[in-house]
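Overview (structure and organization)
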Amino acid sequence: MNILIVEDEWVVSEEVKECIQAWYKSSKVWQVDNGKEALYIFDSQSIEIAIIDIKIRGDLDGIELANKVQALNKDCRLIFISSYFNSETMEKITQFKNYSFFHKPINTFELSAALVT
């Protein structure tokens, strides 16, 4: 599995990466903290799963980034993570075809299950 983590809180990004590497040892994981770097990775790698924080650094938020990701690779599975949750955010997330959502702090057991479903 090729997985991209887009998270501007390094501690959270590391926790997610460690979870992935513990459960799925053959996975390749990239970590970035903004949409511009994420799009660069998408252009150069075959990403199967994107784990995206809703609020990230830079010009794009996580929803805008996810729209661009799906335009590049409609089969990429999206996993959204966020401390912020409201009905407007959920309405935006549900527009995506293949997604999951986790509220921070992340339950790593649930996240590991979402990676294979």
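Let me begin by describing the structure that accompanies this report. Source: prediction; values computed, not measured. (Residues numbered from 1 in each chain as written. Predicted model: local features only at pLDDT ≥ 70, side-chain atom pairs only at ≥ 80, totals over all residues. Heavy atoms only, no water.)

Observations regarding helix α3 (residues 62-72)
As a reminder of what qualifies: Relative accessibility thresholds used throughout: buried, under 20% of the residue-type maximum; exposed, over 50%; partly exposed, between the two (1.4 Å probe, protein chains only). Secondary structure is summarised from DSSP: a helix means a run of H or I of at least four residues, a strand means a run of E of at least two, and numbering begins at the N terminus for each. Think of it as the arc spanned by the lines of direction from the helix axis to the C-beta atoms. For this analysis, residues touch if any pair of their heavy atoms sits within 4.5 Å. Any pair of N or O atoms that falls within 3.5 Å is considered a polar contact. Within protein, one atom must be able to donate a hydrogen and the other to accept it, and sequence-neighbouring residues count only if both atoms are side-chain atoms.
Taken residue by residue, α3 has G62, I63, L65, A66, V69 and Q70 as its buried positions. All buried residues of α3 fall inside an arc of 155 degrees around its axis, so they share one side. On its buried face, α3 sits against β1 (2-6), α2 (35-44), β3 (49-53), β4 (77-82) and α4 (87-93). Put simply, D61 is the residue that caps the front of α3, since its side-chain oxygen is 3.0 Å from the backbone nitrogen of I63.

What about α2?
Buried within α2 we find G35, A38, L39, I41 and F42. Down the axis of α2, the buried side of the element spans an arc of 155 degrees, and every buried residue falls inside it. In α2, the exposed residues that point more than 90 degrees away from the buried face are K36, Y40 and D43. Lining the buried residues of α2 we find β1, β2 (28-32), β3 and α3. If you check the start of α2, you find a side-chain oxygen 3.1 Å away from the backbone N of K36, and it comes from N34.

Thoughts on the sheet that holds β1
Note the threshold: Two strands pair if DSSP finds at least two bridges between them. In this analysis, axes come from line fits to C-alpha atoms, helices being fitted only over the stretch in contact, and the angle between any two N-to-C directions falls in the range 0 to 180 degrees.
The sheet built from five strands is open, its strands ordered β2-β1-β3-β4-β5 with parallel pairing. The open sheet terminates on both sides in strands that have one partner only, identified here as β2 and β5 (99-103). With direction set aside, neighbouring strand axes in the sheet form an average angle of 15 degrees. Where β3 and β4 come together, five bridges link them in parallel fashion.

A word on unusual backbone geometry
Of the consecutive residues K104 and P105, the connecting peptide bond is found in the cis state with omega at 0 degrees. Among the structural elements, P105 can be located in the loop between β5 and α5 (108-114).

With respect to the packing of aromatic side chains
Filter applied, for reference: Here a pair means two rings of Phe, Tyr or Trp (six-membered ring of Trp) with centres within 6.5 Å. Their orientation is stacked below 30 degrees between planes, edge-to-face above 60, and tilted elsewhere. Two limits define a charge over a ring: the Lys NZ or Arg CZ must be within 6 Å of the ring centre, and within 35 degrees of the ring normal.
Counted under the stated rule, the structure contains two aromatic pairs. Between F80 and F96, the ring centres sit 5.5 Å apart and the planes meet at 40 degrees, which makes this aromatic pair tilted. Taken together, the positions of F80 in strand β4 and F96 in the loop between α4 and β5 put the pair 16 residues apart, joining distant regions of the chain. According to the relative accessible area criterion, F80 is buried, its value standing at 0%. A cation over an aromatic ring shows up here: K55 above the ring of Y84, its NZ or CZ 5.2 Å from the ring centre.

Some details on the pairing of β4
Formally: Look down the strands so they point away from you; if the path from the first strand over the helix to the second goes clockwise, the crossover is right-handed.
Within β4, six of the six residues are buried, which leaves it mostly tucked inside the rest of the structure. Side chains of β4 alternate between two faces, with R77, I79 and I81 and L78, F80 and S82 buried alike. In this fold, β3 hands off to α3, which returns the chain to β4; that crossover is right-handed. Pairing of β4 with β5, which is carried by five bridges, proceeds in the parallel orientation. If you follow F80 over to β5, its bridge partner there is F101. Tracing the backbone out of β4, into α4 and back to the parallel element β5 gives a crossover that is right-handed.

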